[in-house]
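# Reading the structure
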Amino acid sequence: MPSAHVYFHVALGMILGAVIGFKPVLESWYHRRRLAQSLGRWILWTYVGGTFAIAPSLCRMVHLPEAFCRGWWMNIFVFHPLVDQLMDKRGLLIGELLIVGMFGTQYLTLLTAIFHAGKRKE
């Protein structure tokens, strides 16, 4: 059965979580409120999204039936079966690059917030 690499699924989930959780960061930034709480929640959303996206793979790990793990209802987990059909044993390098890109984006966002917080206090 064709399937995408688990790193690709994690990366898609992380991107979805980052997009969902970034609105409070933007609002805090725009209204010049404290960013620590909203940034922390954004990072948490990112990791929760990555974990959520691999739920069908985790179901396979605990030996649930393959028909259950590849059912249409598993598309609620960031379109897991659909991505498996489209990627067909690919996605390792792309997934790794996307995950590293998410880590880099988080790091740069935190550095930018620290820089602007230090600038504001002067």
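Refer to the structure above for everything that follows.
Every value quoted in this text rests on a predicted model; they were computed, and no experiment measured them.

What counts, and at which threshold
Residues numbered from 1 in each chain as written. Predicted model: local features only at pLDDT ≥ 70, side-chain atom pairs only at ≥ 80, totals over all residues. Heavy atoms only, no water. Salt bridge = Lys/Arg side-chain N within 4 Å of Asp/Glu carboxyl O. Buried < 20%, exposed > 50% of the residue type's maximum accessible area, 1.4 Å probe, protein only. Helix = DSSP H or I, 4+ residues; strand = E, 2+ residues; numbered from the N terminus. Contact = heavy atoms within 4.5 Å. Axes fitted to C-alpha atoms, helices over the stretch in contact; angles between N-to-C directions. Parallel < 35°, antiparallel > 145°, perpendicular 65-115°, else oblique. Left-handed = near helix turned anticlockwise from the far one by under 90°. Patch = residues over 30% accessible without salt bridge, like charges linked within 9 Å, V, L, I, M, F, W, Y side chains within 5 Å. Areas by Shrake-Rupley, 256 points an atom, 1.4 Å probe, with all protein chains shown as cover.

A few words now on the pattern of salt bridges. Using the criterion set out here, one finds five salt bridges in the structure. Between glutamate 66 and arginine 60 there is a salt bridge, with its nearest N and O atoms 3.0 Å apart. Its relative accessible area of 22% is what places arginine 60 among the partly exposed residues. For glutamate 66, the salt bridge identified is with arginine 70, shortest N-O distance 2.8 Å. Looking at glutamate 66, the relative accessible area reads 37%, which means it is partly exposed. Through salt bridges that share partners, Arg60, Glu66, Arg70 and Asp84 make up one connected network.

What follows concerns the environment of glycine 49. Checked against the element boundaries, glycine 49 lands in helix α3 (residues 36–53). Taking C-alpha positions, glycine 49 is 7.7 Å from valine 10, a pair spaced 39 residues apart along the chain. Setting aside anything within four residues of it in sequence, one finds glycine 49 in contact with Gly13, Met14 and Gly17.

At a minimum axis separation of 8 Å, helix α2 (residues 23–30) and α3 run at an interaxial angle of 160°. With respect to their mutual orientation, α2 and α3 come out roughly antiparallel. Crossing handedness for the pair α2 and α3: left-handed. In contact with Pro24, Val25 and Ser28 of α2, α3 contributes Ser38, Leu39 and Trp42.

Now for a nonpolar patch on the surface. Among the surface-exposed residues, Leu58, Met61, Val62, Leu64, Phe68, Trp72 and Trp73 lie close enough to one another that they form a single nonpolar patch of about 760 Å² accessible area. Relative to the elements of secondary structure, methionine 61 occurs in helix α4 (residues 55–61). Here methionine 61 falls in the exposed class, since its relative accessible area comes to 61%.

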